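Read off the chains here:
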Number of protein chains: 2
Amino acid sequence: MAPNPNPPQEFAALFAKIDELKPKFIERLQEAVAIPSVSGDESLRPEVVRTAHFLKEELEKLGAKDIELRELGTQPPPVANKDLQLPPIVLSRFGNDPNKKTVLVYGHYDVQPALKEDGWSTDPFTLTQVGDVLYGRGSSDDKGPVIGWLNAIQAHNELGLELPVNLVTCFEGMEESGSLGLDQLIAQEAQAYFKGVDAVTISDNYWLGTTKPVLTYGLRGVNYYEISVKGPAADLHSGLFGGIVAEPMTDLVKLLATLVETNGKINIKGIEEQIAPLTAAEDALYDDIEFDVEVLNQATGSQTALYKTKKEILQHRWRYPSLSVHGIEGAFYEAGAKTVIPAHVKGKFSIRTVPNISSEKLTLLVKQHIDSEFAKLGSPNTATVELIHDGDYWVSDPHNSQFTAASLATEAVWGIKPDLTREGGSIPITLTFEKELKTDVLLLPLGRGDDGAHSTNEKIDVSNYIEGVKTLSAYLHYYSKA
Amino acid sequence: MAPNPNPPQEFAALFAKIDELKPKFIERLQEAVAIPSVSGDESLRPEVVRTAHFLKEELEKLGAKDIELRELGTQPPPVANKDLQLPPIVLSRFGNDPNKKTVLVYGHYDVQPALKEDGWSTDPFTLTQVGDVLYGRGSSDDKGPVIGWLNAIQAHNELGLELPVNLVTCFEGMEESGSLGLDQLIAQEAQAYFKGVDAVTISDNYWLGTTKPVLTYGLRGVNYYEISVKGPAADLHSGLFGGIVAEPMTDLVKLLATLVETNGKINIKGIEEQIAPLTAAEDALYDDIEFDVEVLNQATGSQTALYKTKKEILQHRWRYPSLSVHGIEGAFYEAGAKTVIPAHVKGKFSIRTVPNISSEKLTLLVKQHIDSEFAKLGSPNTATVELIHDGDYWVSDPHNSQFTAASLATEAVWGIKPDLTREGGSIPITLTFEKELKTDVLLLPLGRGDDGAHSTNEKIDVSNYIEGVKTLSAYLHYYSKA
Ligand SMILES: [Zn+2]
Ligand SMILES: [Zn+2]
Ligand SMILES: [Zn+2]
Ligand SMILES: [Zn+2]
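About the cut-offs
- Residues numbered from 1 in each chain as written.
- Chains lettered and ligands numbered in written order.
- Predicted model: local features only at pLDDT ≥ 70, side-chain atom pairs only at ≥ 80, totals over all residues.
- Heavy atoms only, no water.
- Helix = DSSP H or I, 4+ residues; strand = E, 2+ residues; numbered from the N terminus.
- Rg over C-alpha atoms; globule rule 2.2 N^0.38 Å.
- Buried < 20%, exposed > 50% of the residue type's maximum accessible area, 1.4 Å probe, protein only.
- Contact = heavy atoms within 4.5 Å.
- Areas by Shrake-Rupley, 256 points an atom, 1.4 Å probe, with all protein chains shown as cover.
- Lys, Arg positive; Asp, Glu negative; His and termini not counted.
- Charge placed at Lys NZ, Arg CZ, Asp CG, Glu CD.
- Pairing = 2+ DSSP bridges.
- Axes fitted to C-alpha atoms, helices over the stretch in contact; angles between N-to-C directions.
- Donors = N, O, S within 2.8 Å, 3.2 Å for Na, K, Ca; no water.
- Tetrahedral: all angles 85-135°; square planar, octahedral: opposite > 155°, others 65-115°.
- Buried area = accessible area lost by both parts, 1.4 Å probe.
- Salt bridge = Lys/Arg side-chain N within 4 Å of Asp/Glu carboxyl O.
- Polar contact = N/O pair within 3.5 Å; in protein donor to acceptor, adjacent residues only side chain to side chain.
- Nonpolar A, V, L, I, M, F, W, Y, C, P; charged D, E, K, R; others polar.
- UniProt positions renumbered as here; feature names shortened; annotations may be inferred.
- Parallel < 35°, antiparallel > 145°, perpendicular 65-115°, else oblique.
- Left-handed = near helix turned anticlockwise from the far one by under 90°.
- Least-squares fit on C-alpha atoms with pLDDT ≥ 70 in both.
- Expected span 1.5 Å × (residues − 1).
- Phe/Tyr/Trp six-rings, centres within 6.5 Å; stacked < 30°, edge-to-face > 60°.
- Core = buried A, V, L, I, M, F, W, Y, C linked by side-chain atoms within 4.5 Å.

Q: Break down the overall build of chain A for me, citing the residues and quoting the values.
A: In terms of regular secondary structure, chain A is built from 14 helices and 18 strands. Relative to the 2.2 N^0.38 estimate, which gives 23 Å for 482 residues, the radius of gyration of chain A is 25 Å and therefore close to what a compact globule would have. Taking the principal axes of the C-alpha coordinates as reference, chain A spans close to 85 × 55 × 45 Å. The burial tally for chain A puts 60% of its 482 residues in the buried class. Contacts spanning at least 24 positions in sequence make up 81% of the contacts within chain A whose residues lie at least 6 apart. As presented, chain A carries roughly 18200 Å² of accessible surface, and 51% of it is formed by carbon and sulfur atoms. Separation between the mean location of the 44 positive side-chain charges and that of the 67 negative ones in chain A comes to 2 Å.

Okay, structure coming up:
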């Protein structure tokens, strides 16, 4: 995808300035990537905090007001160091004009772990340009987009151009480790720091493929369950007890086997009836999306796709539920052979949820299913099923004012309408913002589907990074007029 | 069970001497238990070797000839210290009279790990008498029986009584860690050190219960299998891929679910036909055995027994095959929740084998079963099943001269005929001796079923230990005349 050679006249100066600042923007991302802010590694917590301070200084230089590094207290267990402080949330504000709309931009400055020896071609914490690609941990997830917002502000500043909206930043440092403390902060600041926010924009996902920009209007939820089967008081040796006791593993694999078919069909009664019908309008949204089965096969490195057509694949990824069996706790799991009869085993599975599946109703159906299937076994063991955690699905109106503004911005930058996508996974913070701030949320991704967010050799293409800064900028302008 | 108050006149002096030496015998076991010869702990290897030297010195004092600590070379990987030497086999000989029968006695001087903090009431490596019970690691498995043979020799020596047979000792130090090196040594010495051996006697198992002595004439074998299901090239995230790819775990739990029913019935076609029919004579062997379902329930700490009658339970433990599902490698196995779609999972199960199931035939049937069940799934994944290891079943004639001699010895000591038992597990060395020396093998246990061989608070009752020495002694006399 090449950028639009003839952007609208109103953005000519802004886009030219962004192109001019490209070396500075890459340098700023380099500085951010150089700090190994791995939130999942307790020993690197000072680096995460250092990244917050780096952002604070950058924001100061750009003229932000009310900058705060909001402390969230100590990290709850399990944690090695009981006094470990959570990294702060970086709050700041550009403009406070009651005549302007206010946009809250969210991103995260922590990253996934990365070690050169995991198979990186370059040092993960040295942003390295190879051709038109920038490699480095966090380049795309999520330091690129976070720095992208700062770049957009700098371009305005250097042109002496006022931002068309009031901007509030909310950058967190624990996203890769469960966003601890964020929900409470959002609830607490809804009527304080975040008062008057009209729209929330999150840049923390990806284009569907590698060539066409997208806007994302939906996410599946997830209900995670554990089936617990208990029998003997302690693990037994199969030589002594094989054949004369009811083995919990026998029952558990039979229960797990009843949940879903190889073709993906979920066998739990009552779920299908809850799925929102596919309207012609929704179905039509899939017509223009750029995708095919080969993209899926390449992503899985296999020929294991359950569907062959674009629509079937995307609809089953985004708007239908799915059930995955993840594993078993309490059984033998190592390489080699061990002749144990495990006494207490826990089978883990999850169901990705979509409109209009209610979590409570689903849990009821799951319990009914397991109870009924277990009764059929006539086992002297006991089986129970428990909801471990749940997170709701999210769907927005892809034609509301935010999406419309972002669509126009995309067209201005790339010369093409973005695909309207959903995602199969969840981004729980989306729902929190929507609920607490009572605003719409837009997911506006900068990176490509092959950026390798949590993998080795994570990257962002220079064009995605730089045109991304233009897109963020143009979006603010279109939204200000919506 | 109280010892026979009126033992046969021929053993009056011998049994009286054994009773007289009781303090000395307990002291000898104390010295053996005090050396923490844990073969599974590399750092304790010097202690295992020290135990071999302790035995050598005791054997010397008792007048053994040709004593050798036979080195077995370095321990094969996986091992932390590549130069780690295997502990030696203690070979020795009492008597070499061509007019006498020769009995090889096997035992092991290594033990399972034990730490006070695992829940021991006393120090595991200090033999501690509480009432009529001796607590300590190895007291019953297998230092008690090994020292028991030395005690029997001492009693003869002190009475100036010639041993009625030639005796060869074969004491190993790696039994709890796979008996590394032992098979090769037996094969190598069959026509050398072990030339002329008429009978092998192994004291390394237990009474069925706590009150009645047993002789053991059968062991089940075991075939261990791994079903491997492969799909995507790498683990996937269920948010992104749930519902659109064929998941290996879905297929694996379905395959595992087809193997066996909750009631223990194996579903693999062609196995049942191979089981030796139960004759009236064999069935009658079960009539007198002391056992009931409450013993089983107490052992499992649960009410999970599949059968209620003594005969059904024991026959399903000893003379029918069983199938146990042990676990899954490659899937999520920890506590908590992880939304992974594992790319390559391996299901582990084993089948306990009995006469006349052939390992080769069984593996063929298992492959046919898995192939046929997997074909029904219509999955784009691949599934294969592999034999990881096998060990044959063993059954001896419980009325041959060795068993008859041991039965008479038991009666002389305890005043009761022993129960004739089998075991559900395997003792591979039994088959090796039988095959390499072309002799019969007798399993003559000293300890009780509740000795807790591999558990905390392992013990041997003083009466089992001391009457055991008498039983071993009387056995040699009866066998010499058979
Ligand atoms: Zn992210
Ligand atoms: Zn991430
Ligand atoms: Zn043993
Ligand atoms: Zn043992």
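Q: Requested: an account of the sheet that holds strand E9 (residues 221-230) of chain B, with residues and values cited.
A: Residues and elements named next belong to chain B. If you walk across this open sheet you meet the 4 strands as E11-E13-E9-E14, and the pairing is antiparallel. The outermost strands of the open sheet, each flanked by one partner alone, are strand E11 (322-329) and strand E14 (382-391). On average, each strand axis in the sheet is tilted by 20° relative to the strand beside it, whichever way the strands run. Sitting on the sheet, helix H6 (residues 248-257) is in contact with E9, E11, strand E13 (344-353) and E14, with an inclination near 150° to E9.

Q: Mind laying out the coordination of the zinc ion (ligand 2), listing which residues take part and the relevant values?
A: Residues and elements named next belong to chain A. Of the protein atoms, only Asp 141 (OD), Glu 176 (OE), Glu 176 (OE) and His 454 (NE2) coordinate the zinc ion (ligand 2), at distances of 2.0 to 2.7 Å. For the zinc ion (ligand 2), the 4 donor atoms in the first shell make angles of 53 to 137° at the metal, so the coordination geometry reads as irregular. Metal-to-metal, the separation of the zinc ion (ligand 2) and the zinc ion (ligand 1) is 3.2 Å; Asp 141 coordinates the two. Taken together, the residues span a long stretch of sequence, with Glu 176 in the loop between strand E6 (166-172) and helix H5 (182-189) and His 454 in the loop between strand E17 (440-443) and strand E18 (459-461) at a distance of 278 residues. On the basis of relative accessibility, which here comes to 18%, the residue Glu 176 falls in the buried class.

Q: I'd like to hear about the interface of chain B and chain A, residue by residue, with values.
A: Opposite the 75 residues of chain B that make contact, chain A presents 75 residues. Together, the buried faces of chain B and chain A total about 5500 Å²; carbon and sulfur atoms form 58% of this surface. The largest contributions to the chain B side of the interface with chain A come from Ile 244, Thr 262 and His 326 of chain B, which together make up 12% of the buried area. The salt bridge involving Lys 254 of chain B is made with Glu 261 of chain A; its shortest N-O contact spans 3.5 Å. The tally of links between chain B and chain A comes to 40 residue pairs in polar contact (both at pLDDT 80 or more). Looking at the side of chain B that touches chain A element by element, the count peaks at 8 residues for E11 of chain B. Across the side of chain B that touches chain A, the residue classes break down as 35 nonpolar, 28 polar and 12 charged.

Q: Any details on the UniProt feature "binding site: substrate" (unreviewed entry) in chain A? Residues and values, ideally.
A: Residue and element names in this part refer to chain A. Following the UniProt record, one finds the feature "binding site: substrate" (unreviewed entry) at Asp 204, His 237, Thr 339, Arg 352, Ser 426 and His 454. The greatest C-alpha distance among the annotated residues, which extend across 251 residues, is 49.6 Å, indicating that they are dispersed rather than converging on a single site. For His 237, the location among the structural elements is in strand E10 (residues 236-237). The class of His 237 is partly exposed, set by a relative accessible area of 38%.

Q: Provide a residue-level description of the packing of helix H3 (residues 45-61) of chain A against helix H4 (residues 143-159) of chain A, including the pertinent values.
A: Residue and element names in this part refer to chain A. For the pair H3 and H4, the least separation of the axes is 11 Å and the interaxial angle reads 20°. As summarised for this structure, H3 and H4 are arranged roughly parallel, according to the angle between their axes. Here H3 and H4 pass one another in a crossing that is right-handed. In this structure, H3 contributes Thr 51, Phe 54, Leu 55, Glu 58 and Leu 59 to the contact, and H4 contributes Lys 143, Val 146, Ile 147 and Leu 150. Here the residues of the contact of H3 with H4 are counted per class, giving 6 nonpolar, 1 polar and 2 charged.

Q: Describe the UniProt feature "site: Important for catalytic activity" (unreviewed entry) in chain A, listing the residues and the values that go with them.
A: As recorded in UniProt, the feature "site: Important for catalytic activity" (unreviewed entry) lies at His 237 of chain A. Not counting residues within four places of it along the chain, the set of residues in contact with His 237 of chain A comprises Gly 242, Thr 339 and Ile 341 of chain A together with Arg 352 of chain B. Within the structure, the side chain of His 237 of chain A is placed 3.0 Å from the backbone nitrogen of Gly 239 of chain A, a separation counted as a polar contact.

Q: Before we move on, can you summarise the pattern of salt bridges with the specific residues and values?
A: Evaluation of the coordinates by the stated rule reveals 60 salt bridges over all chains. Note that Lys 435 of chain B and Glu 436 of chain B form a salt bridge whose closest N and O atoms lie 3.9 Å from each other. Taken together, the shared-partner salt bridges connect Arg 448, Asp 450, Asp 451, Lys 459 and Asp 461 of chain A into one network.

Q: How would you explain the relation of the copies chain B and chain A if you had to name every residue and give the values?
A: In the superposition of chain B on chain A (RMSD 0.1 Å, axial shift 0.1 Å), the rotation amounts to 180°. Seen this way, the second copy is the image of the first under a two-fold rotation axis. The position closest to the rotation axis in chain B is occupied by the C-alpha of Val 253 of chain B, lying 2.7 Å away.

Q: Outline the environment of Leu 285 of chain B, listing residues and values.
A: Checked against the element boundaries, Leu 285 of chain B lands in helix H7 (residues 280-285). Contacts of Leu 285 of chain B, omitting those with residues within four sequence positions, involve Tyr 217, Pro 398, His 399 and Leu 420 of chain B.

Q: So what about the coordination of the zinc ion (ligand 1)? Which residues, and what values?
A: Residue and element names in this part refer to chain A. In this structure, His 108 (NE2), Asp 141 (OD), Asp 204 (OD) and Asp 204 (OD) serve as the protein donors to the zinc ion (ligand 1), at separations of 2.0 to 2.7 Å. Coordination at the zinc ion (ligand 1) is irregular, judged from the 4 donor atoms that bind it and the angles of 52 to 147° they form at the metal. Going along the chain, you hit the donors of the zinc ion (ligand 1) in the pattern H-x32-D-x62-D.

Q: So what about helix H3 (residues 143-159) of chain B? Which residues, and what values?
A: Residue and element names in this part refer to chain B. Its 17 residues place the ends of H3 24 Å apart at the C-alpha level, agreeing with the 24 Å of an ideal helix rising 1.5 Å per residue. For H3, the tally of buried residues reaches 14 of 17 residues, placing the bulk of the element in the interior. Backbone geometry just after H3 places Gly 160 at a positive phi near 65°.

Q: Summarise the packing of aromatic side chains; cite the residues concerned and give the values.
A: According to the stated counting rule, one finds 17 aromatic pairs over all chains in the structure shown. Taken together, a centroid distance of 5.4 Å and an interplanar angle of 70° make the contact between Phe 11 of chain A and Tyr 478 of chain A edge-to-face. Residue Phe 11 of chain A is found in the segment before helix H1 (12-20), and its partner Tyr 478 of chain A is found in helix H14 (residues 462-481); the two are separated by 467 residues along the sequence. Of the two residues, Phe 11 of chain A and Tyr 478 of chain A, neither departs from the other in class, the shared state being buried. On the basis of an interplanar angle of 65° and a centroid distance of 5.9 Å, the ring pair of Tyr 106 of chain B and Phe 433 of chain B is categorised as edge-to-face. With Tyr 106 of chain B in strand E3 (residues 102-108) and Phe 433 of chain B in helix H12 (residues 428-437), this pair connects stretches of sequence that are 327 residues apart. Side by side, Tyr 106 of chain B and Phe 433 of chain B carry an identical accessibility label, which is buried.

Q: Please provide a residue-by-residue account of the sheet that holds strand E4 (residues 128-130) of chain B, values included.
A: All names here are of chain B. Taken in spatial order, the 3 strands of this open sheet run E4-E5-E18, and their pairing is antiparallel. The open sheet has two edge strands, E4 and strand E18 (459-461), and neither has a second partner. Averaged over all pairs of adjacent strands, the angle between their axes in this sheet comes to 25°, without regard to strand direction. Note: strand E5 (residues 133-135) against E18, 3 bridges, orientation antiparallel. Residue pairing across strands places Leu 134 opposite Ile 460, the latter belonging to E18. Set on the sheet, helix H13 (residues 462-481) makes contact with E4, E5 and E18; between it and E18 the angle comes to about 65°.

Q: Tell me about the nonpolar core, and name the residues and values.
A: Of all hydrophobic cores here, the largest spans 83 residues; its most connected members are Leu 55, Leu 167, Tyr 465 and Tyr 475 of chain A. Top contributing element to this core by residue count: H14 of chain A, with 10 residues. Among all residues touching Tyr 465 of chain A, those that are not within four sequence positions of it are Phe 25, Ile 26, Leu 29, Leu 134, Gly 144, Ile 147, Gly 148, Asn 151 and Ile 460 of chain A. Listed in part, the 82 residues of the second largest apolar core include Ile 341 of chain A together with Phe 171, Ala 409 and Leu 442 of chain B.

Q: How would you sum up the side chain of Thr 410 of chain A? Please name residues and give values.
A: Residue and element names in this part refer to chain A. Tracing the backbone shows Thr 410 in helix H12 (residues 401-414). At 2.7 Å, the side chain of Thr 410 forms a polar contact with the backbone oxygen of Ala 406. Excluding its chain neighbours within four sequence positions, the residues that come into contact with Thr 410 are Pro 213, Leu 215, Gly 415, Ile 416, Pro 418 and Thr 471.

Q: Which residues make up unusual backbone geometry, and what are the values?
A: Cis geometry marks the peptide bond from Pro 77 of chain A to Pro 78 of chain A, where omega comes out at 0°. For the bond from Pro 355 of chain B to Asn 356 of chain B, the omega torsion is 0°, close enough to zero to count as cis. Positive phi values are uncommon outside glycine, yet Ser 179 of chain A reaches one of about 50°. Checked against the element boundaries, Ser 179 of chain A lands in the loop between E6 and H5. Within the chain, Asn 457 of chain A stands out as a residue other than glycine whose phi angle is a positive 55°.

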